[in-house]
Each structure stands twice: as C-alpha cells, then as structure tokens.
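Letter by letter, the chains look like this.
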Amino acid sequence: MDDEAAGTPSGIRTPGHGPLRARARAVWSVVLVGGLTLATASPTWVSTTVSTALEPTVDVAVTGTTAAPAVGAAALVVVAGGVALAIAGRVARWVALVVVALAGALASASAAAVLLDPLPAATSGASTTAGVTDLTSPVAVAVWPWLTVALGAVAVLVAALAAAGAPAWGATSGRHERADATGDAADGAGTAAAPAEGAAPDAPGQHDPHDAWDALSRGTDPSADR
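Residues numbered from 1 in each chain as written. Predicted model: local features only at pLDDT ≥ 70, side-chain atom pairs only at ≥ 80, totals over all residues. Heavy atoms only, no water.

(A) Structural view of the overall build of the protein. Each helix and strand counted, the protein has seven helices and three strands in total. Written out in order from the N terminus, the α and β elements of the protein read α-β-β-α-α-α-α-β-α-α. The burial tally for the protein puts 28% of its 226 residues in the buried class. By sequence separation, contacts in the protein at least 24 residues apart represent 70% of the contacts at least 6 residues apart. Carbon and sulfur atoms make up 64% of the accessible area of the protein, which totals about 13300 Å². (Helix = DSSP H or I, 4+ residues; strand = E, 2+ residues; numbered from the N terminus. Buried < 20%, exposed > 50% of the residue type's maximum accessible area, 1.4 Å probe, protein only. Contact = heavy atoms within 4.5 Å. Areas by Shrake-Rupley, 256 points an atom, 1.4 Å probe, with all protein chains shown as cover.)

(B) A look at the packing of helix α3 (residues 69-85) against helix α4 (residues 92-116). Interhelical geometry of α3 versus α4 gives an angle of 160° and a closest axis separation of 8 Å. The orientation of α3 with respect to α4, classified from their angle, is roughly antiparallel. Taken as a pair, α3 and α4 cross one another with a handedness that is left-handed. Along its contact with α3, which presents Ala70, Val71, Ala74, Val77, Val78, Gly81, Gly82, Ala84 and Leu85, the element α4 presents Arg93, Ala96, Leu97, Val99, Val100, Ala103, Gly104, Leu106, Ala107, Ser110 and Ala111. (Axes fitted to C-alpha atoms, helices over the stretch in contact; angles between N-to-C directions. Parallel < 35°, antiparallel > 145°, perpendicular 65-115°, else oblique. Left-handed = near helix turned anticlockwise from the far one by under 90°.)

(C) Spatial organisation of the sheet that holds strand β2 (residues 58-63). Strand order in the open sheet made by the three strands is β2-β1-β3, with antiparallel pairing throughout. A single partner strand is all that each edge strand has here, and the edge strands are β2 and β3 (140-141). Bridge count between strand β1 (residues 44-50) and β3: two bridges; the pairing is antiparallel. When the sheet's bridge partners are listed, Val46 is paired in β3 with Val141. (Pairing = 2+ DSSP bridges.)

(D) Structural detail: the environment of Ala67. Among the structural elements, Ala67 can be located in helix α2 (residues 64-67). Here Ala67 falls in the buried class, since its relative accessible area comes to 18%. Through-space distance from the C-alpha of Ala67 to that of Ala121 is 5.1 Å; in sequence the pair is 54 residues apart.

(E) Fine view of the pairing of β2. Of the two faces of β2, only one is covered, namely that formed by Val58, Val60 and Val62; the face formed by Asp59, Ala61 and Thr63 stays uncovered. Examined bridge by bridge, β1 and β2 share six bridges and lie antiparallel to one another. In the strand pairing of β2, Thr48 is matched with Val60.

(F) How the structure looks around the nonpolar core. Grouped together as the largest cluster of nonpolar side chains are 19 residues, with contacts concentrated most on Val30 and Leu85. Of all the secondary structure elements, the ones that give two or more residues to this core are α1 (23-40), α3, α4 and α6 (144-198). Top element by residues in this core is α6. It accounts for six residues. With sequence-adjacent residues up to four places away left out, Leu85 is seen in contact with Arg23, Val27, Val30, Arg93, Ala96, Leu97 and Trp169. (Core = buried A, V, L, I, M, F, W, Y, C linked by side-chain atoms within 4.5 Å.)

(G) Inspection of α1 at higher detail. A rise of 1.5 Å per residue sets the reference length of α1, with its 18 residues, at 26 Å; its end C-alpha atoms lie 26 Å apart and thus fit the reference within 8%. Turning to α1, its buried residues number three or more, namely Ala26, Val27, Val30, Val33, Gly34, Thr37 and Thr40. (Expected span 1.5 Å × (residues − 1).)

In structure tokens form, the structure reads like this:
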C-alpha cells in the first residue's frame, strides 16, 4: 500500500514505528509480561532431600521467590512500570521504560544465577525446612527459572519496542490538539465576522438618533425621507 492510499502524504514519515505504536498495546504488553514473570516465581524451582534424626528422608522444596527474591520484586516493578505508561507524559514515559528494561534484566540475571548454581538455594531451603544442611540427593531444578530468564528478556525487548513506538503516542495527541485548535480558530473567526456583517446599512424603519435630532432642529420630519 502506497503513502497516499494509507492516508499519509508522500515523503512524510509518521513518528514512531514498530508493533507498539499504540499506547494501550504497549501498556498491556508490559503488564502482561510482568504478571507472567511474577507467576513463574511462585512454583517450586529447586528440590532435594535431607535426612534428620527423626526422619530418614525429608523433602525440600524451594520456590522461586525464596531462591531468587529479586525476581518477585523485579516482576512487580515491571507491572508498575506498565501501569505508569498509561498516564506518563513525554519525559516520564522514557523513565518508566528504562525502569522496565532494568527490572527485566534483573529478573533474568537472578534466575540465571539459580540455574548456574542451585546448591546455595537448596542448602538454604534445607536449613529452613529441616534444620540441616547436608543434602542426601542431587538438587533438581524445575523449568520455571528457565521461563523466568526468557520472560525477563522479553520484558527488555518489549521496553525497547515501546520506546521505538512511543513518539507516535505524543504525535497522535498533537494532531488532535492542532485539529481542535484550528476548529476553534475558525469558529472564533466566524463569530467575529458576524457583527461586521450585521453592521450593514440600517434596516428600513430604523433611524439614527443624531440624524433625527438634527432634522427636528431644522423643523423637518425625520421620517419623511424614509
């Protein structure tokens, strides 16, 4: 489709580009990614077993919020950043997008740290669950931290796409404001022109008071020439 068919004059570029040129779409995308990231932090990430004096086998399960507390906080920041985009101005939107990108990177880094070395999380969980730190089985890592790493990267990508499309948010508002201003100016010009058109010659039967007084002073009937 050419520029004229699309309603855009040839040679004029519309500000912003990418799939998130609409503010509402960007807001919902960021909030959705943040919510999904938070959801991946709730299930069990790391599991193992320990032995105590009372029980030979005690299951240990460590959730994502315990294994990587920063993930939950980062996910909430992403959601808050998405909500802020709905009402942010020209400067605040950039601040919100930077915060969303940093929070996404933090979530990915925190989950990746658990994937690279799950033993500290398992040992901490064993101490909390059974009061011992000697593990009796290998540490098993679930799929959830992998999903968190991916969603953190998606949050960074969404923030970048929203930044690319953000100029279109302000441009759209500016076009509407200019259109409204033009309409108001036209209405004002029409209103101002109305008295000028009404200032035409007096309608029949109407007399200027000064002319009537002069005519009476001369002893003539002011309505004789009407």
